[in-house]
Amino acid sequence: MSKYEPDERGYWGEFGGRFVPETLVAPLDELTAGYFALRSDEEFNREFNYYLRDFAGRPTPLYFAERLTEKLGGARIFLKREDLTHTGAHKINNAIGQILLARRMGKTRIIAETGAGQHGVATATVCARFGLECVIYMGTEDIRRQELNVFRMRMLGAEVRGVDSGSRTLKDAINESLRDWVTNVSNTYYLLGSALGPHPYPLMVRDFQSVIGREAREQFLAREGSLPDALVACVGGGSNAIGLFHAFLEDNVRMIGVEAGGSGDELGMHAARFAAGGHIGILQGTKSYVLQDAAGQVAATHSISAGLDYASIGPEHSYLRSIGRVEYASASDDEAFAAFKELSATEGIIPALETAHGIAHAIRIAPTLPREATMIVNLSGRGDKDLMSVAEYENGRAER
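Calculation rules
Residues numbered from 1 in each chain as written. Predicted model: local features only at pLDDT ≥ 70, side-chain atom pairs only at ≥ 80, totals over all residues. Heavy atoms only, no water. Helix = DSSP H or I, 4+ residues; strand = E, 2+ residues; numbered from the N terminus. Buried < 20%, exposed > 50% of the residue type's maximum accessible area, 1.4 Å probe, protein only. Contact = heavy atoms within 4.5 Å. Areas by Shrake-Rupley, 256 points an atom, 1.4 Å probe, with all protein chains shown as cover. Lys, Arg positive; Asp, Glu negative; His and termini not counted. Charge placed at Lys NZ, Arg CZ, Asp CG, Glu CD. Pairing = 2+ DSSP bridges. Right-handed = clockwise from strand over helix to strand, strands pointing away. Salt bridge = Lys/Arg side-chain N within 4 Å of Asp/Glu carboxyl O. Axes fitted to C-alpha atoms, helices over the stretch in contact; angles between N-to-C directions. Parallel < 35°, antiparallel > 145°, perpendicular 65-115°, else oblique. Nonpolar A, V, L, I, M, F, W, Y, C, P; charged D, E, K, R; others polar. Core = buried A, V, L, I, M, F, W, Y, C linked by side-chain atoms within 4.5 Å. Expected span 1.5 Å × (residues − 1). Phe/Tyr/Trp six-rings, centres within 6.5 Å; stacked < 30°, edge-to-face > 60°.

S.K.: Let's hear about the overall build of the protein chain: which residues, and what values?
M.R.: A tally of helices and strands in the protein chain yields 15 helices and 14 strands. Classification of the 400 residues of the protein chain by burial places 60% in the buried group. Counting contacts in the protein chain only where the partners sit at least 6 residues apart, residues at least 24 apart contribute 74% of the total. Working note: accessible area of the protein chain is about 15,100 Å², and carbon and sulfur atoms make up 49% of it. In the protein chain, which carries 42 positive and 52 negative side-chain charges, the distance between the mean positions of the two groups comes to 2 Å.

S.K.: Account for unusual backbone geometry, naming residues and giving values.
M.R.: Cis geometry marks the peptide bond from Arg-58 to Pro-59, where omega comes out at 5 degrees. Assignment of secondary structure puts Pro-59 in the loop between α2 (42-54) and β3 (62-64). Here the amide bond leading from His-199 into Pro-200 is cis, since omega sits at 15 degrees, within 30 degrees of zero. On the secondary structure map, Pro-200 appears in the loop between β8 (188-190) and α9 (201-209). Even without being a glycine, Arg-168 presents a positive backbone phi close to 60 degrees. Along the chain, Arg-168 falls in the loop between β7 (159-163) and α8 (170-183). Even without glycine at this site, Gln-284 takes up a positive phi of about 50 degrees.

S.K.: Account for the pairing of strand β9 (residues 230-234), with residues named and values stated.
M.R.: By the criterion of burial, β9 is predominantly enclosed, with five of the five residues buried. Going residue by residue along β9, you find Ala-230, Val-232 and Cys-234 tucked away on one face and Leu-231 and Ala-233 tucked away on the opposite face as well. With five bridges connecting them, β9 and strand β10 (residues 254-262) associate as parallel partners. Within β10, the residue paired with Val-232 across the bridge is Ile-256. The parallel pair β9 and β10, bridged by helix α11 (residues 239-245), forms a crossover whose chirality is right-handed. Bridge count for β9 against strand β14 (residues 374-379) is three bridges, and the pairing is parallel. Paired with Val-232 across the bridge in β14 is Val-377.

S.K.: Which residues make up the pattern of salt bridges, and what are the values?
M.R.: A side chain with one charge can pair with a side chain of the opposite charge if their charged atoms come near. The tally for this structure, following the rule as stated, stands at 37 salt bridges. Arg-206 serves as the salt-bridge partner of Glu-5, at 3.0 Å between the closest nitrogen and oxygen. Note that Glu-5 is positioned in the segment before β1 (11-12) and Arg-206 in helix α9, a separation of 201 residues in sequence. On the basis of relative accessible area, Arg-206 is assigned to the buried category, the value being 1%. Two residues, Arg-53 and Asp-54, come together in a salt bridge whose shortest N-O distance is 2.7 Å. Under the relative-accessibility criterion, Arg-53 is labelled partly exposed at 46%.

S.K.: Lay out the sheet that holds β10 in plain terms, naming residues and giving numbers.
M.R.: One open sheet accounts for six strands, arranged β3-β4-β14-β9-β10-β13; its pairing is mixed. What marks the edges here is a single partner per strand, and that holds for β3 and β13 (327-332). With direction set aside, neighbouring strand axes in the sheet form an average angle of 30 degrees. In the packing of helix α13 (residues 333-347) onto the sheet, the strands contacted are β3, β4 (76-81), β10, β13 and β14, and the crossing angle to β13 comes to about 85 degrees.

S.K.: Outline the packing of helix α5 (residues 118-130) against helix α7 (residues 147-155), supporting the account with residue identities and numerical values.
M.R.: A packed helix pair is summarised by two numbers, namely the angle formed by the two axes and the spacing between the axes. Their axes nearest at 9 Å, the elements α5 and α7 cross at an angle of 10 degrees. Put simply, α5 runs roughly parallel to α7. Along the contact surface, α5 presents Gln-118, Gly-120, Val-121 and Ala-124, while α7 presents Asn-149, Arg-152 and Met-153. For the contact of α5 with α7, the residue count by class is three nonpolar, three polar and one charged.

S.K.: Please give an account of the nonpolar core that cites residues and values.
M.R.: Taken as a class, soluble globular proteins show a tendency for nonpolar side chains to be buried jointly. Counting 86 residues, the largest nonpolar core has Ile-96, Ile-99, Met-153, Tyr-189 and Leu-244 as the members making the most contacts within it. Residue contributions to this core peak at seven residues, all from helix α4 (residues 91-104). With residues near it in sequence (within four places) discarded, Ile-99 still touches Ile-110, Val-126, Cys-127, Phe-130, Leu-132 and Leu-191. Listed in part, the 32 residues of the second largest apolar core include Ala-75, Ala-230, Ile-304 and Met-375.

S.K.: Could you give an account of α13, with specific residues and numbers?
M.R.: Its 15 residues place the ends of α13 21 Å apart at the C-alpha level, agreeing with the 21 Å of an ideal helix rising 1.5 Å per residue. Those residues of α13 that fall on the buried side of the exposure criterion are Asp-333, Ala-336, Phe-337, Ala-339, Phe-340, Leu-343, Thr-346 and Glu-347. At the exit of α13 stands Gly-348, carrying a positive phi of roughly 70 degrees.

S.K.: Give a description of the packing of aromatic side chains that names residues and reports values.
M.R.: Applying the stated criterion to the full structure yields 16 aromatic pairs. Judged by centre distance (5.1 Å) and plane angle (35 degrees), the ring pair of Phe-64 and Phe-78 falls under tilted. Here Phe-78 lies in strand β4 and Phe-64 lies in strand β3, a separation of 14 residues in the sequence. Residue Phe-78 is classed as buried on the basis of its relative accessible area, which comes to 0%. Between Trp-181 and Tyr-190 the ring centres are 5.9 Å apart and the planes differ by 65 degrees, which places this aromatic pair in the edge-to-face class. Residue Trp-181 is classed as buried on the basis of its relative accessible area, which comes to 4%. Exposure remark for Tyr-190: the relative accessible area of 1% places this residue in the buried category. The rings of Tyr-35, Phe-36, Phe-44, Phe-48 and Phe-208 are connected pair by pair, giving a single aromatic cluster.

Right, dumping it as structure tokens:
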């Protein structure tokens, strides 16, 4: 077995596993058996690839950002255009895979959590396609920040339930989703959106998102006749990043995940799990790095981007960092805001605020690399959903 695959209990090294109440053991066992029965099934994978192609619009282009490259004067920057998928982000890949699994398992009701709203939109979309009941949990702070995506979910027929507890963001939406699942296990499928949570979710989400890296690897080889020197992707829970990285793990390619540096280094001002305040712990079913205070309590987080505003990170990312295979950096709110504007004005592409963190790091390191160097940045989503947040942030900066 490859060192990049988890063991049968869902551990990558010491990270991962399944830490859940007894009431969730049986549904997780059912999910694990269902997924592994289909993981190598030719008919299932044929159906999955059909919907990726004809419904989601894959393969997505690998685009050379010529003007940004010229402006920075260093490495050549390529963008993997996940923003061009149906619904506007990489989240649709996983939503398609899991909805097909849910149907094979005979589930008629789908629940999901969402932060930035893109996973909620993707889940509502596939539920509409297959005529399944859909309930989306979303923190009320994220509802405020992502009003457009909430409207999209409701237009698609989903019920959006606001969560008013805790920080009213992604962590709290996941809590409510788990409570719902415990209560309605017989007919309900929990379509978790990122590479976190109890086994088998981190593995399953990674598998469904790995189409990103397989395509990028093939496209880059066809174009350049070699592999890229570096890969860059933003990291919240970590699904878009692990989706890009996975196909390159055995290659001599540098990989960098970019967390949310927020507005400062103190706890509560950022969501950088590998920075100060990040320690190994257990949150929402898995063992990974978690932002914690001195008493070991889960710390508050902050990010300009709703999708990166989470106190933990997928366990595979913690493992890849622990063995030195992937580097992790952070970009501040101000840096992400500047990168959002830079890519929009230079390439005519408005990125999601989450994606802008990856762009910010590319802008930071590209000038330090030789002109013959190459990097792929995963453009994980488009920025339509964030325009009001950006305007609000810009107005706030002007008032300081």
